[in-house]
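Coordinates in review
This is what each chain is made of:
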Amino acid sequence: YIGSTMETYCYFTRPVALKRMLNFNVPPVKNSTGEPVWKVLIYDRFGQDIISPLLSVKELRDMGITLHLLLHSDRDSIPDVPAIYFVMPTEENIDRLCQDLRNQLYEYYYLNFISAISRSKLEDIANAALGASAVAQVAKVFDQYLNFITLEDDMFLLCNQNKELVSYRAINRPDITDTEMETVMDTIVDSLFCFFVTLGAIPIIRCSRGTAAEMVAVKLDKKLRENLRDARNSLFTGDTLGAGQFSFQRPLLVLVDRNIDLATPLHHTWTYQALVHDVLDFHLNRVVLEESSGMENSPAGARPKKKNKKSYDLTAADKFWQKHKGSPFPEVAESVQQELETYRAQEDEVKRLKSIMGLEGEDEGAISMLSDNTAKLTSAVSSLPELLEKKRLIDLHTNVATAVLEHIKTRKLDLYFEYEEKIMSKSTLDKSLLDMISDPDAGTAEDKMRLFLIYYISCVQCPSEADLEQYKKALTDAGCNLSPLNYIKQWKAFAKMASAPTTYGNSAAKSLGLFSRVMNTGSQFVMEGVKNFVLKQQNLPVTRILDNLMEMKSNPVSTANKLAIVFVVGGGNYIEYQNLMDYVKGKQGKHVLYGCSELFNAAQFLKQVRI
């Protein structure tokens, strides 16, 4: 049963729903050899964020998208080409769309709205079409209900544009008015509603009481019921995409408030994906690295060249990423090295193939773009792009892992990870917290602040005023801004956390001693002095809440449930996502999806917890 649920979910969240839309809302024909219909794609920033993690430029081109342009950019008229619009139904967007109709920019208009468009705005478009004598050109109008961003098959977030409107700070600021809170909740609920329309299932909702999560639960429940009541227009019945296919198997929606665990978003981590998000510029599955290009000579003497920025996509198509994104970092570094050695063994084969094809001096990127027809000419051609793609991924992960390693070594992030694990699991500390904060060689001011906040959140007995003053002085001397500490003090007092602190398990990661050997002669990764840890599966608070709900034997609804969606109101992170994925590996036949109102790393979260 659950197979159909997950298949349907993946059907939508993988690019299939978008591909259908880009094929004029008709399912694309598999293995079709005919030429696609050439068209242009017009999107706003919201549409761009939804499409970019799922479809590459090459995939868009294969679907006949010759141009993809922002709605509010300067666009020339292309009168003999159909245009597919994928935008939010905002006032500004509708005005621009109507202007396009009046200017007769395209041959036909296929209008796809990310969220449901209101009747009044639909009438505005109809009036503009009438006025421009373009009624016949408006071919189709669709509400797509795709107002969420899918980053992985099992992970989604609500928005990237205007994310400050649904941020942790927006929900928890003390001066928020009831009207503002209603707006925040409505925005979150609209996206969650779209998610369940896409999934084609009505969830069983569970939430913590007295929190923003409960407000979301009440509003979402009401919106789902209202839609079901209108049998003729219900989005959960009939032959709409995916709807009604598995109403017998309702998923469990666990709405969690960020305030139940403020330590995890601040935690220094040790797994590849979470580390990339923590220390690099990683955003909507794309990581941007700064590459120094050495020194340049000038009349004033040698000086560093301007740093170039290079971006890499880390997506489901990257097999190395899929296999290792949840692995401890030293394991990833070792795997990259092994892949590189395997490739070097095949390098002579690559040279031989290039020689056969007369491509010795050709750019590797150009060779990998060889068309299928060319690839069929010889077996040499078919194996060369595959080997070059393997080399591209090795180079990509060598660069990314090297950049991560640089941060680990300069900031001693392995020590921070180990120390925080011990704090959160109440293990014995081998070095005083004051010494860690005072050590000028260990970490940045931000690292020290994160460490101290985790200690303060996790401690059962708060430090005395005298001790706290001593810590504050050490933090100030280290260059820390104490504003986050003032916020956490207020939060802890308000939540009465001192009497019931959040528990994080009782066994820390074990060090295997220094990971001091250079893995192989000529290894890219000199791991000298970096610790290697055996990571123990520790269920974080969010995972434990899910486990309690899924494993409650006294509750027949829970035991019957095979699919759970954990959604964090107030923001989530890759540490929790990975923890849930590790948890579900041991639960045969069960699947977990992780969602959040926004995705932040520790630096971004620290900026939100300030007074």
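Reading the values: the criteria
- Residues numbered from 1 in each chain as written.
- Predicted model: local features only at pLDDT ≥ 70, side-chain atom pairs only at ≥ 80, totals over all residues.
- Heavy atoms only, no water.
- 1 Å grid on protein atoms, 1.4 Å probe; cavity = no way out; pocket = protein on both sides within 12 Å on 5 of 7 lines; lining within 4 Å.
- Points joined across faces, edges and corners; volume = space filled by probe spheres on them.
- Helix = DSSP H or I, 4+ residues; strand = E, 2+ residues; numbered from the N terminus.
- Nonpolar A, V, L, I, M, F, W, Y, C, P; charged D, E, K, R; others polar.
- Salt bridge = Lys/Arg side-chain N within 4 Å of Asp/Glu carboxyl O.
- Buried < 20%, exposed > 50% of the residue type's maximum accessible area, 1.4 Å probe, protein only.
- Phe/Tyr/Trp six-rings, centres within 6.5 Å; stacked < 30°, edge-to-face > 60°.
- Lys NZ or Arg CZ within 6 Å of the ring centre and 35° of its normal.
- pLDDT = per-residue confidence, 0-100.
- Contact = heavy atoms within 4.5 Å.
- Axes fitted to C-alpha atoms, helices over the stretch in contact; angles between N-to-C directions.
- Parallel < 35°, antiparallel > 145°, perpendicular 65-115°, else oblique.
- Pairing = 2+ DSSP bridges.

**Regarding empty space enclosed by the protein**
- As enumerated under the stated definition, the model contains 3 cavities of 30 Å³ or more in all.
- For the largest cavity, the lining is made up of 14 residues, of which A274, N573, I575, N601 and A602 are closest to its centre.
- Where the lining of the largest cavity is concerned, the elements lending two or more residues are α10 (272-279) and α23 (574-585).
- Tallying contributions element by element places α10 first for the lining of the largest cavity, with 3 residues.
- Of the residues belonging to the lining of the largest cavity, the class tally is 6 nonpolar, 6 polar and 2 charged.

**Here we look at the pattern of salt bridges**
- Applying the stated criterion across every chain yields a total of 26 salt bridges.
- With a closest N to O distance of 2.7 Å, R411 and D447 form a salt bridge. Linking R411 in helix α15 (residues 379-411) with D447 in helix α18 (residues 445-458), this pair joins segments that are 36 residues apart in sequence. No difference in accessibility class separates R411 from D447, as the two residues are buried.
- Sharing partners across several salt bridges, the network here consists of D278, R411, D447 and R450.

**Re the packing of aromatic side chains**
- Under the criterion given, the structure shown has 24 aromatic pairs.
- Here the aromatic rings of F148 and F156 are separated by 6.1 Å at their centres, their planes lie at 75°, and the arrangement is edge-to-face.
- According to the relative accessible area criterion, F148 is buried, its value standing at 3%.
- In this structure an aromatic cluster arises from ring pairing among Y272, F282, W321, F329, Y574, Y577 and Y594.
- Seen from the ring of F193, K223 lies directly overhead, with NZ or CZ sitting 5.1 Å from the centre.
- The cationic tip of K492 hangs over the ring face of Y456; the distance from NZ or CZ to the ring centre is 5.5 Å.

**A word on the confidence of the model for the chain**
- Residues of the chain with pLDDT of at least 70 account for 78%, and the chain-wide mean is 83.
- Predicted confidence is poor over residues 372-377, with pLDDT under 50, and the contacts of this stretch with residues over four places away or in other chains come to 3 contacts.
- Note that pLDDT drops below 50 for residues 511-523; the model gives that stretch 32 contacts with residues more than four away or on any other chain.

**Observations regarding the packing of helix α16 (residues 413-424) against α18**
- Running from N to C, α16 and α18 point in directions that differ by 10°, and their axes come no closer than 9 Å. Of the possible angle classes, the one that applies to α16 and α18 is roughly parallel. Of the residues in α18, those touching α16 at L413, Y416, Y419, E420, I423 and M424 are D447, K448, R450, L451, I454, Y455 and S458.
- Split by residue class, the contact of α16 with α18 holds 8 nonpolar, 1 polar and 4 charged.

**What about the sheet that holds strand β14 (residues 308-313)?**
- Taken together, 3 strands build an open sheet; the order of strands is β10-β11-β14 and the sheet is antiparallel. Two strands bound the open sheet, and with one partner strand each, they are β10 (281-283) and β14. For this sheet, the mean angle separating the axes of adjacent strands, direction not counted, is 25°.
- Sheet topology note: the β10/strand β11 (residues 286-291) ladder contains 3 bridges and is antiparallel. Within β11, the residue paired with H283 across the bridge is R286.

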